[in-house]
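# Observations on the model geometry
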Amino acid sequence: MDKDWMVLLQQQNQLSKMMEVNRATERYGLSLSEQDAKMILAERNQALQRERRVEFGEGIALQIIYEFCDSDFIEQDSYADTIIRLQEIFYMYKNEMQDEISDEELLHFMKEQFETVCFGDLDYLAGTCLAIFSQAIRAGYRGYRASEGRGEYGAFDEVERWDYDLYLEMLKELCWR
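Right, let's walk through the structure included here. Only a predicted model underlies this, so the values are computations on that prediction, with no experimental measurement involved.

Procedures and definitions
- Residues numbered from 1 in each chain as written.
- Predicted model: local features only at pLDDT ≥ 70, side-chain atom pairs only at ≥ 80, totals over all residues.
- Heavy atoms only, no water.
- Helix = DSSP H or I, 4+ residues; strand = E, 2+ residues; numbered from the N terminus.
- Buried < 20%, exposed > 50% of the residue type's maximum accessible area, 1.4 Å probe, protein only.
- Contact = heavy atoms within 4.5 Å.
- Areas by Shrake-Rupley, 256 points an atom, 1.4 Å probe, with all protein chains shown as cover.
- Core = buried A, V, L, I, M, F, W, Y, C linked by side-chain atoms within 4.5 Å.
- Polar contact = N/O pair within 3.5 Å; in protein donor to acceptor, adjacent residues only side chain to side chain.

## Let's talk about the overall build of the protein
Looking only at helices and strands, one finds nine helices and zero strands in the protein. Put simply, the protein runs from its N terminus to its C terminus through helices and strands in the order α-α-α-α-α-α-α-α-α. Counting all 177 residues of the protein, 39% fall into the buried class. Here the contacts in the protein between residues at least 6 apart in sequence split such that 67% fall between residues at least 24 apart. Accessible surface, the protein as shown: approximately 10800 Å² in total, 49% of it carbon and sulfur.

This is the structure:
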């Protein structure tokens, strides 16, 4: 019975912290309902089981929320679902990277790619950016430590990108003909 009481107390504490995070995210037009917070915590438990991970403390959801709350690609109507999916991706790639990368480094990398390369596409984040980066980490790459996971993807990106400035220059040239 004591164990059940402790689990319930821990869950209530996590729920309370999830609700408190709304103070920080409301300025970005994002907030979680109590039902959303409960859903995120329930999905956390399922993701941990699926990935065969054990986590102590608050979990990664609060860190994800703080890292991603200012994103241009997260809107209120999909906010809870996006946090859940980011949480799943995080746990999956912590395993893929064999826990070589810290939580903060992985979150910084995820956020940077989400904003700049993926333009909010979670499937591209998980299926391309993180897949390529995790492969490099498993192969022994450790350069991300100096940058805390920032500015790393360019060295591994296999997709040729178009140059925005060159595009504008060519567009002006075509319009003036």
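From this point, the narrative continues.
## Details of the nonpolar core
Core analysis: the biggest nonpolar cluster contains 48 residues, and Met18, Met110, Leu125 and Leu130 have the highest contact counts within it. Among the elements of the structure, helix H1 (2–20), helix H3 (34–51), helix H4 (61–68), helix H5 (79–96), helix H6 (103–116) and helix H7 (122–138) are those that each provide at least two residues to this core. In contact with Leu130, other than residues within four places in its own chain, are Ile89, Tyr93, Met97, Leu106, Phe109, Met110 and Leu125.

## Description of the environment of Glu43
In this fold, Glu43 is placed in helix H3. For the pair Glu43 and Gln87, spaced 44 residues apart in sequence, the C-alpha to C-alpha distance is 8.5 Å. The residues touching Glu43, leaving out its near neighbours within four places in the chain, are Ile84, Gln87 and Glu88.

## Quick word on the side chain of Glu105
Assignment of secondary structure puts Glu105 in helix H6. A residue is classified by how much of its surface remains accessible, and Glu105, at 10% relative accessible area, is buried. Here the side chain of Glu105 touches Ser102 through a polar contact of 2.9 Å, landing on its backbone nitrogen.

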